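Listed below are the residues making up each chain.
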Amino acid sequence: MELSSDVVLVFDRGEDLFVFESCVQAVNWIEAIDVDEGEYTAVYSPDGGLWALTAPDGPDGPVALARTGGGDPGDLERRVARYWIRHRTGRPPQGPLETARLLIGSDDEPRGGWLGRVVGLLRRGTGRGTGISAP
């Protein structure tokens, strides 16, 4: 599967990984209040390019996502490796590109805000994984 150049991998404080097929999907799903409160710790493209995630008008406004021009492939690799250890136990770890392809092709549906956190907690108990989103 060929990925769009707009694919973004979003990591939150709980080391959950959300993968979006485009930055438009990401900003439509992510809530400004969560951005304002620092819920998301890093946003990358699959090649390690950094994205800036902001809520320029505060917790009640829109979310903005923009390429920074920088990159940190090493940090992305470490975060993806931690994701595999924590959420894909028993499976061979994959790199960022393969992980993005896998999660985009999964049947998990995104859940926003507090509901997403509740669903994630419930999934931990069912063995389905947590916080894995592919709009």
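Residue positions are given per chain, counting from 1 as you read along its sequence in written order. Selection of residues for local features in this predicted model requires a pLDDT of at least 70, selection of side-chain atom pairs for listing and counting requires 80 or more, and totals for whole chains, interfaces and linings are taken over all residues. Side-chain measures here rest on the full set of heavy atoms in the structure, leaving out hydrogens and waters.

Peer 1: How should the overall build of the protein be read in this particular structure?
Peer 2: Helix and strand assignments follow DSSP, with helices taken as H or I runs no shorter than four residues and strands as E runs no shorter than two, numbered in order from the N terminus. Looking only at helices and strands, the protein has five helices and five strands in total. Only heavy atoms matter for contacts: two residues are in contact if any of them lie within 4.5 Å across the pair. Here the contacts in the protein between residues at least 6 apart in sequence split such that 55% fall between residues at least 24 apart. The Shrake-Rupley method, run with a 1.4 Å probe sphere, supplies the accessible areas, and residue values consider only the shown protein chains as cover. Summed over all atoms, the accessible surface of the protein reaches about 6900 Å², with 52% contributed by carbon and sulfur.

Peer 1: Mind showing me how you'd approach helix H3 (residues 73-87) here?
Peer 2: Note on helix geometry: an α-helix contains 3.6 residues per turn, so any two residues three or four positions apart are oriented the same way. Multiply 1.5 Å by the residue count of a helix minus one, and that product is the helix's expected span. Look at H3: 21 Å from first C-alpha to last across 15 residues, which is about the 21 Å you get at 1.5 Å a residue. Along H3, the residues that are buried comprise Asp-75, Leu-76, Arg-79, Val-80, Tyr-83, Trp-84 and His-87. Check the buried side of H3 and you find it contacts strand S1 (8-12), strand S2 (17-20), strand S3 (40-44) and helix H4 (96-104). Here the term buried applies to any residue with accessible area under 20% of the maximum for its type, exposed to any over 50%, and partly exposed to those in between, with areas from a 1.4 Å probe on protein chains only.

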